[in-house]
Amino acid sequence: MAAEFKYEITKELGVISENAKGWRKELNMVSWNDRDPKYDIREWSPDHERMGKGVSLTEEELVALAKLIESRNEEDSFEEEEEE
């Protein structure tokens, strides 16, 4: 039996992407089990009643992630390399 948990989206910050079924990968502030809200990245159904697996980050972790993204070299691009 799955454990019960509570969540509340306290602030919707933005949509990262949306799939063909309407599920959206979002960045939100979410309070889990009445704890302080954290930054949260995960897929949500259109009504926010169902969710996929995701990751929750503190303010410090989000800043560290942003710094990592900003500091990547062009060589580290996510673009696929052309085949020779």
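Preceding this paragraph is the structure being described.
Attention here is on the structure that accompanies the text. (Residues numbered from 1 in each chain as written. Predicted model: local features only at pLDDT ≥ 70, side-chain atom pairs only at ≥ 80, totals over all residues. Heavy atoms only, no water.)

### Brief notes about the pattern of salt bridges
Part 1 of the argument: Scanning all chains against the criterion turns up three salt bridges.
Part 2 of the argument: Arginine 24 is the partner of glutamate 26 in a salt bridge, and the nearest nitrogen-oxygen pair spans 3.1 Å.
Part 3 of the argument: Since its relative accessible area comes to 1%, glutamate 26 is described here as buried.
Part 4 of the argument: We classify arginine 24 as partly exposed; its relative accessible area is 23%. (Salt bridge = Lys/Arg side-chain N within 4 Å of Asp/Glu carboxyl O. Buried < 20%, exposed > 50% of the residue type's maximum accessible area, 1.4 Å probe, protein only.)

### So, the environment of threonine 10
Part 1 of the argument: You can see threonine 10 is positioned in strand 1 (residues 7-18).
Part 2 of the argument: If near-sequence neighbours (up to four positions away) are discounted, threonine 10 is found in contact with Met29, Val30, Ser31 and Pro37. (Helix = DSSP H or I, 4+ residues; strand = E, 2+ residues; numbered from the N terminus. Contact = heavy atoms within 4.5 Å.)

### Brief notes about the packing of aromatic side chains
Part 1 of the argument: Scanning the model with the defined rule gives four aromatic pairs in all.
Part 2 of the argument: Taking the centre distance of 5.4 Å and the plane angle of 45 degrees together, the rings of tyrosine 7 and tryptophan 44 count as tilted. Of the two residues, tyrosine 7 is situated in strand 1 and tryptophan 44 in strand 3 (residues 38-44); the sequence distance between them amounts to 37 residues.
Part 3 of the argument: Classification of tryptophan 44 as buried rests on a relative accessible area of 0%.
Part 4 of the argument: Ring pairs connect the aromatic residues Phe5, Tyr7, Trp32 and Trp44, which therefore count as one cluster. (Phe/Tyr/Trp six-rings, centres within 6.5 Å; stacked < 30°, edge-to-face > 60°.)

### Here we look at the side chain of arginine 42
Part 1 of the argument: Position of arginine 42 relative to the elements: it lies in strand 3.
Part 2 of the argument: Looking at arginine 42, the relative accessible area reads 9%, which means it is buried.
Part 3 of the argument: Polar side-chain contacts of arginine 42 include one of 2.7 Å to the side chain of aspartate 40.
Part 4 of the argument: Beyond its immediate chain neighbours, meaning those up to four positions away, arginine 42 contacts Arg24, Lys25, Glu26, Trp32, Met51, Gly52, Lys53, Gly54, Val55 and Ser56. (Polar contact = N/O pair within 3.5 Å; in protein donor to acceptor, adjacent residues only side chain to side chain.)

### Re unusual backbone geometry
Part 1 of the argument: Residue aspartate 34 is not a glycine yet carries a positive backbone phi of 65 degrees.
Part 2 of the argument: Here aspartate 34 shows up in the loop between strand 2 (24-32) and strand 3.
Part 3 of the argument: Of the residues examined, aspartate 34 reaches a relative accessible area of 61% and is grouped as exposed.
Part 4 of the argument: Located in the positive-phi region is histidine 48, a residue other than glycine, with phi close to 60 degrees.
Part 5 of the argument: By the element assignment, histidine 48 lies in the loop between strand 3 and strand 4 (51-57).
Part 6 of the argument: For histidine 48, a relative accessible area of 13% corresponds to the buried category.

### Digging into the pairing of strand 4
Part 1 of the argument: Where strand 3 and strand 4 come together, five bridges link them in antiparallel fashion. Counted as the bridge partner of aspartate 40 is serine 56 from strand 4.
Part 2 of the argument: Connecting strand 3 to the next strand, strand 4, in antiparallel fashion are six residues, including histidine 48 with a positive phi near 60 degrees. (Pairing = 2+ DSSP bridges.)

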